[in-house]
Amino acid sequence: VLDPDFAEPLDGKLSLDRGFRYTLELDCEDESLNLSRVVGSVRCEPRDCLSGFGFALLEAELSGQSRKTSEEVRTLVFPDESSRNALLALLERLQTDHRSFRRRGASLLTWLPAGCVAGCLPGCMARAKPPGVPHDASENSPRLAIRSEGSIGRHRPDATGGHLEEFKAYARQLWDRQSASSSIRKSGSLGDLSSALRQYGRRKETKETRESSDTKETRPSTVTAQPKANKDNLSANECAGLLHRLLLQPDAPVPSDGQAVAGFELFRLTTTFEEFWTVLQPMLLVDQLLAEPKLQSRFGDGMPVMTLEKWSWFLVQVQNEERGVVEAAASQLKAMDCPYIDSDGHLTLAGLSTSLCVQENSAVRPELCQPGSCDMTRPMKDYWIATSHHIILETLDETECSPMAEEGNDLEPFTRLLQEGCRCFSLALVEATELQVVLQNKRVSFADVLELLAVAGFQQCEYPIVLVLSLQQLASPRQRGEVAEVVFDKLGDRLWRSSAEMPSPEEAKGHVVVVLAPGCDMDPGLDLKPKLERGGVGSTVEDSEVVEAWQEAAKRFAVWCGQVFDRTFAQKLPGEITVGFLPSDELRSLAEFKQQSMLEYHRQYLSLSFPLTLRHSPVNYNLAAAWSCGVQMAAVTLGCGGDGCDGAMLAQTGLFLLNGGCGYVLKPSFLRNSVATEGQAAAAAAPPKPLYLEVRLVAARAIPGIDSPLPKGSVVLSASIWGAPPDCARQDYHPVKASGVVLYWPEVAGLGFNVANPHTAILVVELFELDQSFGGYRRIAFSAAAVHGLRQGLRWLPVLSAQGGRRPTSHGALSGMLAHISLVEGGRRASLQRASPL
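Residues numbered from 1 in each chain as written. Predicted model: local features only at pLDDT ≥ 70, side-chain atom pairs only at ≥ 80, totals over all residues. Heavy atoms only, no water.

Trainee: What's the story with the overall build of the protein chain in this structure? I'm lost.
Mentor: Each helix and strand counted, the protein chain has 21 helices and 29 strands in total. Scored against the burial criterion, the 838 residues of the protein chain give a buried share of 51%. Counted over contacts in the protein chain with a minimum sequence separation of 6, partners at least 24 positions apart contribute 69%. When the accessible surface of the protein chain is summed, it comes to about 39000 Å², and 52% of that surface belongs to carbon and sulfur atoms. (Helix = DSSP H or I, 4+ residues; strand = E, 2+ residues; numbered from the N terminus. Buried < 20%, exposed > 50% of the residue type's maximum accessible area, 1.4 Å probe, protein only. Contact = heavy atoms within 4.5 Å. Areas by Shrake-Rupley, 256 points an atom, 1.4 Å probe, with all protein chains shown as cover.)

Trainee: Help me out: how do you make sense of the side chain of D732 in this one?
Mentor: For D732, the position within the fold is in strand β22 (residues 729-732). Side chain to side chain, D732 and S718 meet in a polar contact 2.7 Å long. (Polar contact = N/O pair within 3.5 Å; in protein donor to acceptor, adjacent residues only side chain to side chain.)

Trainee: Can you walk me through the pattern of salt bridges in this structure?
Mentor: Side-chain pairs of opposite charge can arise where the charged atoms are in close proximity. Under the definition given, this model contains 22 salt bridges. For the salt bridge of E321 with R791, the shortest nitrogen-to-oxygen distance reads 3.8 Å. Taken as a pair, E321 in the loop between α9 (308-317) and α10 (323-327) and R791 in the loop between β26 (776-786) and β27 (793-798) lie far apart in primary sequence, 470 residues in all. Among the residues examined, E321 registers a relative accessible area of 18% and is labelled buried. By relative accessible area, R791 is classed as buried at 12%. One salt bridge in this structure joins R378 and D382, with 3.0 Å as the shortest N-O distance. The exposure classification of R378 matches that of D382, with both residues buried. Bridged by salt links that share partners, the residues R43, E45 and R47 form one connected network. (Salt bridge = Lys/Arg side-chain N within 4 Å of Asp/Glu carboxyl O.)

Trainee: Just checking my understanding: could you explain the packing of aromatic side chains for this structure?
Mentor: To describe a pair of aromatic rings, one takes the distance between the centres and the angle between the planes. Applying the stated rule across the entire model yields 19 aromatic pairs. With 5.9 Å between their ring centres and 80° between their planes, F565 and F569 make a pair best called edge-to-face. On the basis of relative accessible area, F569 is assigned to the buried category, the value being 14%. Ring geometry for W627 against F656: centres 6.1 Å apart, planes inclined by 80°, an arrangement best described as edge-to-face. In this pair, W627 sits in helix α20 (residues 623-628) while F656 sits in the loop between α21 (647-655) and β19 (664-666), placing the two residues 29 residues apart along the sequence. Both residues of the pair, W627 and F656, count as buried. (Phe/Tyr/Trp six-rings, centres within 6.5 Å; stacked < 30°, edge-to-face > 60°.)

Trainee: Please explain the nonpolar core as it appears in this structure.
Mentor: Among soluble globular proteins, nonpolar side chains are generally buried collectively. Ranked by internal contacts, the top residues of the largest apolar core, which has 110 residues, are F414, F446, L469, V483, V487, W550 and W745. Those residues in contact with L469 that lie beyond four places of it in its chain are L427, F446, V483, V487, V514, V515, L516, A517 and W550. (Core = buried A, V, L, I, M, F, W, Y, C linked by side-chain atoms within 4.5 Å.)

Trainee: Help me understand the side chain of T387 in this model?
Mentor: Among the structural elements, T387 can be located in strand β9 (residues 383-388). Judged by its relative accessible area of 0%, T387 is buried. Side-chain polar atoms of T387 contact the backbone oxygen of I385, separated by 2.9 Å.

Trainee: What am I meant to see in helix α1 (residues 81-95) here?
Mentor: Side chains of residues three or four places apart in an α-helix project in the same direction, reflecting 3.6 residues per turn. If you check α1, its first and last C-alpha atoms are 21 Å apart, about what 15 residues at 1.5 Å a residue would give, namely 21 Å. Within the span of α1, buried status applies to S83, R84, A86, L87, L88, L90, L91 and L94. (Expected span 1.5 Å × (residues − 1).)

Trainee: Any chance you could explain unusual backbone geometry here in plain terms?
Mentor: Glycine aside, a negative phi is what most residues show, and trans is what most peptide bonds show. Following C338, the chain continues into P339 via a peptide bond in cis, with omega recorded as 10°. The phi torsion at L285 lies on the positive side, around 60°, for a residue other than glycine. In this fold, L285 is placed in the loop between α6 (273-283) and α7 (286-291). Overall, the relative accessible area of 0% leaves L285 in the buried class. One non-glycine residue, N659, lies in the positive phi region at around 60°. Looking at where N659 falls in the secondary structure, it is placed in the loop between α21 and β19. For N659, a relative accessible area of 2% translates into the label buried.

Trainee: Looking at this model, I keep getting lost on the environment of S609. Mind explaining?
Mentor: Relative to the helices and strands, S609 resides in strand β17 (residues 606-610). Here the alpha-carbon distance between S609 and Y621, two residues 12 residues apart in the chain, equals 9.8 Å. Excluding residues that lie within four positions of it along the chain, S609 makes contacts with L582, L587, Y621, A626, V631, M633, A634 and A635.

Trainee: Can you walk me through the sheet that holds strand β21 (residues 715-722) in this structure?
Mentor: One key point about sheets: their strands pair by backbone hydrogen bonds, in either a parallel or an antiparallel sense. As summarised here, the arrangement of the 5 strands in space is β22-β21-β25-β26-β28, forming an open sheet in which the pairing is antiparallel. Of all strands in the sheet, those with a lone pairing partner are β22 and β28 (800-801), marking the two edges. Two strands pair when backbone bridges link them, and β21 and β22 are joined in this way by 4 bridges, in the antiparallel orientation. Looking across to β22, one finds that S718 is bridged to D732. (Pairing = 2+ DSSP bridges.)

Trainee: Hey, could you run me through the environment of R423 in this one?
Mentor: Looking at the element boundaries, R423 is found in the loop between α14 (412-419) and β10 (424-431). Exposure remark for R423: the relative accessible area of 3% places this residue in the buried category. Linking R423 and S388, residues 35 residues apart in sequence, is a C-alpha distance of 8.3 Å. At 2.5 Å, the side chain of R423 forms a polar contact with the backbone oxygen of Y463.

Trainee: Any chance you could explain helix α5 (residues 236-248) here in plain terms?
Mentor: Taking 1.5 Å of rise per residue, 13 residues should cover 18 Å, and α5 covers 18 Å from first to last C-alpha, within 8% of that figure. Every buried residue belonging to α5 is among A236, E238, C239, A240, G241, L242, L243, H244, L246, L247 and L248, and all of these are buried. Looking one or two residues beyond α5, the residue adopting positive phi is Q249, at roughly 55°.

Trainee: It is not clear to me how the pairing of strand β14 (residues 512-516) should be interpreted in this structure. Could you clarify?
Mentor: Look at any regular strand and the pattern is simple: side chains alternate between the two faces of the sheet. Counting buried residues along β14, 5 of its 5 residues qualify, which places the element largely inside the surrounding structure. By the alternation rule, side chains of β14 split into V512, V514 and L516 and V513 and V515, which are all buried. In the sheet, β14 pairs with strand β15 (residues 559-564) via 3 bridges, with the strands oriented parallel. Bridge pairing in β15 places V515 opposite W560.

Trainee: Help me out: how do you make sense of the environment of L280 in this one?
Mentor: With respect to the secondary-structure elements, L280 resides in helix α6. Judged by its relative accessible area of 0%, L280 is buried. In this structure, the C-alpha to C-alpha distance between L280 and A171, residues 109 residues apart in sequence, is 9.3 Å.

If you want it as structure tokens, here you go:
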């Protein structure tokens, strides 16, 4: 490149950008000489100089403008005249060529045959193909190596198809690698490996012969497209692993030998690549992303790609991300590979899909879900604690007739509760040959339950376990006194001993806190025997004897006494730790008429609310109403409901996904006492402002059906708010017919909710499928999130199993919903509600 400031020309590199228009890209060692011009906007003139043979790039004249007035852009110098003339001829040919190429950013040398060296530019140009049908670029340009031969040189039908063709070629390359490695692993023979290498050598020789031939007639006529043999098929497990790798990128799980990969049910036992592509393509959600109003204005002109600038503005204007996330956008795109970005570093549709449909883009702020996100040094009265009711449903095996038929897995319900993050267990004890715990229908050994809690109870989480013991069904005070001996014998050092002040979860790590439930007939779930057989349990004499029996035990470990909830909200003695037991019917009344008194009471004292239900037909209540009143332990019967769980269980899952799922969530500041500062008395914080929440579903992906990998009947989406009684609401989308691996509701409005107390509200989104044999809709998946932790914008809602809890679906991390979430502080009424009721 000739520089007027230097006698000798500077080194440079000239490339051709093949987009919708040909563009010359000049990179010079002097950056001030770099340029990027459309080929049609410049013209070339030969211009020799002392340094060599060159030509000048001039501004193309406009109509009415003479050539003499056109401005000189750059002067390029070549070592020989033939190279200069060949490049001039090429650029003149491109001036009249209006065809566009599929791939952008390829070098001019990509058009040259294999083996081209310096000095042979004129000869290669003479026999090179026209730009519309270039040589096989996979041997010359690493950036084009992922493209299939069939896609090179074809005219792109549309922008979307072009990018998916490139992504398809990339998926095919990974498919071939997986197929080759599977064949070698299955054969386990060096002879098979040698055969594969010989076959690869023959194919390479055939390709080189085809490229080196000067005319069409010299090419072998036997080279035709052959159908793929069965050896190129992959198993369902391998297809699922490849699907995770293509869609989830860094989050893809590492499959282990002999272990099923989530999502394998989407494929047949042996699957061809085209069958695999029919599953992969819709899961990119390309059609839905192109139709999304928030994205349409941010794609490039005529190209479904997003520049770094537009991606950064998308993070600011739509996603409302923090400054650090926006500043990291450049490094995020730089870390991606083709085909998730194009050669210019722009985000493609595949890259956009994998950036939005991942856990990092979750609707809940990631920092709130991390372990230790809450201050765990405050007293236990300042936390919501995941609590299970004493009616514990057994797991019913489909092959058995009743829960009693299963043997050898009696403690499985408690293991399940620990996995769900429960840290408060209510146990109803009865006397047989030994002390036993009543579940729903069966009984298990009390000593075995204590041993399980002592060992497995602190493997996933070290924060304390609250053990609530109901002794009402024990026939005599002597039997109730023996409970303390069993507890001390089985738990030992695990028992919390200090009782002067209420501990914090951090102080009581690794310990069990014992709570005695009040001995009165306020819980119908404890009505196991006629009162005559129980010997008049609940009398004052026997209650005093029980207290006396436990006073000796209280000298060895802390025992917190349970009391019937005092509706007068009387103050306790200093240093006295008690737990108020509140039935759900009284809770509803107090929450409606005395909410402020409930808030003030629970800033100082502990309470446990429980459902009023019969043991043979358990139901739950609105747990969020208890949380909005400050109740720390809202007991729920896990597993009840027609689909293995009900809405209350889903709401509990949404709240206790926070703080790493440890079962303790710090209450908001307005529900707890503030710490006094110097010169100022402690005062509770002001309640949060109301919030208007709107959820609009874009698409749901990989949702399992009732008895099949994908839904077969019509599907309904329902969104509900669990919170304080005025905030509770539910809205539904109209049913749509199942359409394969992706579900979407076209042309629907968002579902709007006014939430007066967002810190105690839970958003639950459920999917229901019509079951013809059942005669109604059944839940197939759900997602739950705390409203105060939601992020606005296009967010990913991970989907969990229809049975509730934290169990993922059969398709694992592939399952989820992409939704647009809008948050308006202050709250407002939606002007139009177009969602039809179910």
